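A look at the structure
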Amino acid sequence: FLARSVDGGASFGQNLQVDSVSDNGFYPDLTVDDSGEVYVTYSGFDPATAHPSHYEIWFTRLYEVSTAQALVLEAAKRVSNTPEQDDTCRVVVDGSNRIVVGWKTCTGGVYVITSGDGGSTFSSQVRVNDVSGTVERGFDLAARHGTAYVTWGDTRTDYEGDVYLDRADSSL
């Protein structure tokens, strides 16, 4: 669900369900761009697949129609396409109004995609980490002026883990 406050958090408007009933969304994340548009990602079941426990990453956008001051929530669309079950996701805007979506999979992959048109289309997904099966703890994403930064906890050298960082051109 998503709720909006226009008075500094003193009150909130109607709760909006972001995921559909059939995609069982969880692990949501959101960000707001300079114009006030809200971008939301979450992990959820894709009813078009035959496997009920295979989750993908979904993206949607909430914006205000200025003439009516009405909120519009676009239908969520699937933005990941991995053979692995997708788990935690993040969404950020890089300061140049490029949307960057990143996620980790349950089997240890870390992926990033970008959009330069408000989420209408996305780039092909790019795998960030170079070793499968080692992403265990934590995952985060940040972006600024064309560069995306990704961190994750990784157990490739020992069970206690290490923190890894990588960056990519967010125009991908």
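**Here's the deal with the overall build of the protein**
Within the protein one finds 0 helices and 12 strands. For the protein, the sequential pattern of α-helices and β-strands runs β-β-β-β-β-β-β-β-β-β-β-β. When each of the 172 residues of the protein is scored for burial, the buried share is 41%. The long-range share in the protein, meaning contacts at least 24 apart out of those at least 6 apart in sequence, stands at 37%. As presented, the protein carries roughly 9,000 Å² of accessible surface, and 50% of it is formed by carbon and sulfur atoms.

**A closer look at the side chain of Glu56**
In this structure, Glu56 sits in strand 3 (residues 55-65). On the basis of relative accessibility, which here comes to 1%, the residue Glu56 falls in the buried class. There is a polar contact of 2.5 Å between the side chain of Glu56 and the side chain of Ser80. Here Glu56 is in contact with Tyr42, Ser43, Gly44, Asp46, Arg78, Ser80, Asn81, Thr82 and Asp86, once residues within four sequence places are set aside.

**A few points about the sheet that holds strand 7 (residues 99-105)**
What the 4 strands build is an open sheet, ordered 6-7-8-9; its pairing is antiparallel. Of all strands in the sheet, those bounded by a partner on one side alone are strand 6 (86-93) and strand 9 (126-127). Bridge count for strand 8 (residues 110-115) against strand 9 is 2 bridges, and the pairing is antiparallel. Residue Val112 lies in a different strand from strand 9, and its bridge partner there is Val126.

**A word on the pairing of strand 8**
Within a regular strand, the side chains alternate between the two sheet faces. Of all the 6 residues making up strand 8, 6 are buried; the element is thus mostly covered by neighbouring parts of the structure. Of the two faces of strand 8, the one carrying Val110, Val112 and Thr114 and the one carrying Tyr111, Ile113 and Ser115 are both buried. With 6 bridges joining them, strand 7 and strand 8 adopt antiparallel strand pairing. Bridge pairing in strand 8 links Lys104 to Val110. Counted along the chain from strand 7 to the antiparallel partner strand 8, the turn is 4 residues long, and its residue Gly108 has a positive phi close to 100°.

Rules behind the numbers
- Residues numbered from 1 in each chain as written.
- Predicted model: local features only at pLDDT ≥ 70, side-chain atom pairs only at ≥ 80, totals over all residues.
- Heavy atoms only, no water.
- Helix = DSSP H or I, 4+ residues; strand = E, 2+ residues; numbered from the N terminus.
- Buried < 20%, exposed > 50% of the residue type's maximum accessible area, 1.4 Å probe, protein only.
- Contact = heavy atoms within 4.5 Å.
- Areas by Shrake-Rupley, 256 points an atom, 1.4 Å probe, with all protein chains shown as cover.
- Polar contact = N/O pair within 3.5 Å; in protein donor to acceptor, adjacent residues only side chain to side chain.
- Pairing = 2+ DSSP bridges.

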